[in-house]
Amino acid sequence: MSTFPWLTWLIFFPLAGGLLLALMPADRERLIRRFALAVALAEVGFSLPLWWQLAPGAPGWQFAERRDWLPAIGSSYHLGVDGISALLVLLTTVLTAIAVLGAFKAVEKRAREFYALLLALETGMIGTFLSLDLLLFYVFWEGMLVPMYLLIGVWGGPRRVYAAVKFFLYTMAGSVLMLVAILWLYFHHRSVTGLASFDLDALYALPRSRSRCRCSPSTPGSPTPTSRRRPPAR
């Protein structure tokens, strides 16, 4: 398999396209729309090898990439894909291209900002599906919420401000609970193994606690809970 960082390219290509869109003149709407569609369609093409080259039933993560990120706290830039995440990435790229095409007539004002935020949102979504480090996953998750909040608040319906506030409150509450769960797993892993890690594989390798049964072992001939039941009255 090629050593090309395919997953990194998939994640950050839409963001690079969105940054280029943000630098274009605002009055060149036709060019902006066509460029955004070209970036979205190219991302669809880049995501297809995840499905074609995926080996069904193969153990471990495929297209894996790993680099040091924050070694002091046990976090790394770890990406990988399996059958489920490959389908989710493919679904995301196809739906984003459909959204870009559908916005040609629906979005009449600030098209440059709209498409730039939409492509940035695609980067956050794909990053969450491919992250194998919980801290990296959380960064992509939070980064995904920012363009989503702006898209709702600026280009939403008549009650877009109300919807944006509710979206912010619910996602903030969910993000706090998620962060608490991630930190609990992190400190639990460190207490069990003595090593600090946010890596998903390391958390999967934690020994599972077995529930202890306080019941005394049954001896031959001793009554079981089933045999102690009284027969129904006739």
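Predicted model, so just to flag it, every value in this text is computed and none were measured. (Residues numbered from 1 in each chain as written. Predicted model: local features only at pLDDT ≥ 70, side-chain atom pairs only at ≥ 80, totals over all residues. Heavy atoms only, no water.)

1. Observations concerning the overall build of the protein chain
- Within the protein chain, the regular secondary structure consists of 7 helices and 2 strands.
- Out of the 234 residues belonging to the protein chain, those deemed buried represent 36%.
- When contacts within the protein chain are restricted to residue pairs at least 6 apart in sequence, those whose partners lie at least 24 apart make up 69%.
- When the accessible surface of the protein chain is split by element, carbon and sulfur atoms take 66% of a total near 15,100 Å². (Helix = DSSP H or I, 4+ residues; strand = E, 2+ residues; numbered from the N terminus. Buried < 20%, exposed > 50% of the residue type's maximum accessible area, 1.4 Å probe, protein only. Contact = heavy atoms within 4.5 Å. Areas by Shrake-Rupley, 256 points an atom, 1.4 Å probe, with all protein chains shown as cover.)

2. A short note on the pairing of strand β2 (residues 75-81)
- With 7 of its 7 residues buried, β2 lies for the most part within the structure.
- Inspection of the sheet shows strand β1 (residues 62-70) paired to β2 by 6 bridges, in the antiparallel sense. Each bridged residue has a counterpart across the sheet, and for Asp68 the counterpart in β2 is Ser76. (Pairing = 2+ DSSP bridges.)

3. Some points on the layout of surface pockets
- Of the volumes computed, that of the largest pocket is approximately 210 Å³.
- If you list the elements that add at least two residues to the lining of the largest pocket, you get β2, α4 (111-130), α5 (134-155) and α7 (200-204).
- Among the residues making up the lining of the largest pocket, the classes are represented as 8 nonpolar, 4 polar and 1 charged. (1 Å grid on protein atoms, 1.4 Å probe; cavity = no way out; pocket = protein on both sides within 12 Å on 5 of 7 lines; lining within 4 Å. Points joined across faces, edges and corners; volume = space filled by probe spheres on them. Nonpolar A, V, L, I, M, F, W, Y, C, P; charged D, E, K, R; others polar.)

4. With respect to the packing of helix α3 (residues 83-106) against α4
- One way to put it is that α3 packs onto α4 with a least axis distance of 9 Å and a crossing angle of 170°. When the axes of α3 and α4 are compared, the pair comes out roughly antiparallel. Across the interface between the two elements, Ser85, Leu88, Val89, Thr92, Thr93, Thr96, Ala99, Val100, Ala103 and Phe104 of α3 pack against Phe114, Tyr115, Leu118, Glu122, Met125, Ile126, Phe129 and Leu130 of α4.
- Partitioned by chemical class, the residues of the contact of α3 with α4 number 13 nonpolar, 4 polar and 1 charged. (Axes fitted to C-alpha atoms, helices over the stretch in contact; angles between N-to-C directions. Parallel < 35°, antiparallel > 145°, perpendicular 65-115°, else oblique.)

5. Quick notes on the environment of Leu7
- By secondary structure assignment, the location of Leu7 is in helix α1 (residues 6-22).
- Expressed as a C-alpha distance, the spacing of Leu7 and Gly127, which sit 120 residues apart in the sequence, is 8.7 Å.

6. Thoughts on α3
- For α3, which comprises 24 residues, the first-to-last C-alpha distance of 34 Å matches the rise-based estimate of 34 Å (1.5 Å per residue) to within 8%.
- Buried residues belonging to α3 abut α1, α2 (29-52), β2 and α4. (Expected span 1.5 Å × (residues − 1).)

7. Quick look at the nonpolar core
- Judged by nonpolar contacts, the single largest core of 25 residues is most densely connected at Leu21, Val100, Phe114, Tyr115, Leu118 and Leu151.
- Contributions of two or more residues to this core are made by α1, α2, α3, α4 and α5.
- With 8 residues, the single largest contributor to this core is α4.
- Dropping the residues within four chain positions of it, Leu151 is found in contact with Phe114, Leu117, Leu118, Leu121 and Gly156.
- The next biggest cluster of nonpolar side chains, apart from the first, holds 15 residues, and it includes Leu50, Leu79, Val81 and Ile126. (Core = buried A, V, L, I, M, F, W, Y, C linked by side-chain atoms within 4.5 Å.)

8. Concerning the confidence of the model for the protein chain
- Averaged over every residue, the pLDDT of the protein chain is 86; residues scoring 70 or more account for 88%.
- In the model, residues 211-220 has pLDDT below 50 throughout and makes 0 contacts with residues more than four positions away in sequence or in other chains.
- Confidence over residues 222-231 falls short of pLDDT 50; this stretch has 1 contact with residues more than four positions distant or in other chains. (pLDDT = per-residue confidence, 0-100.)

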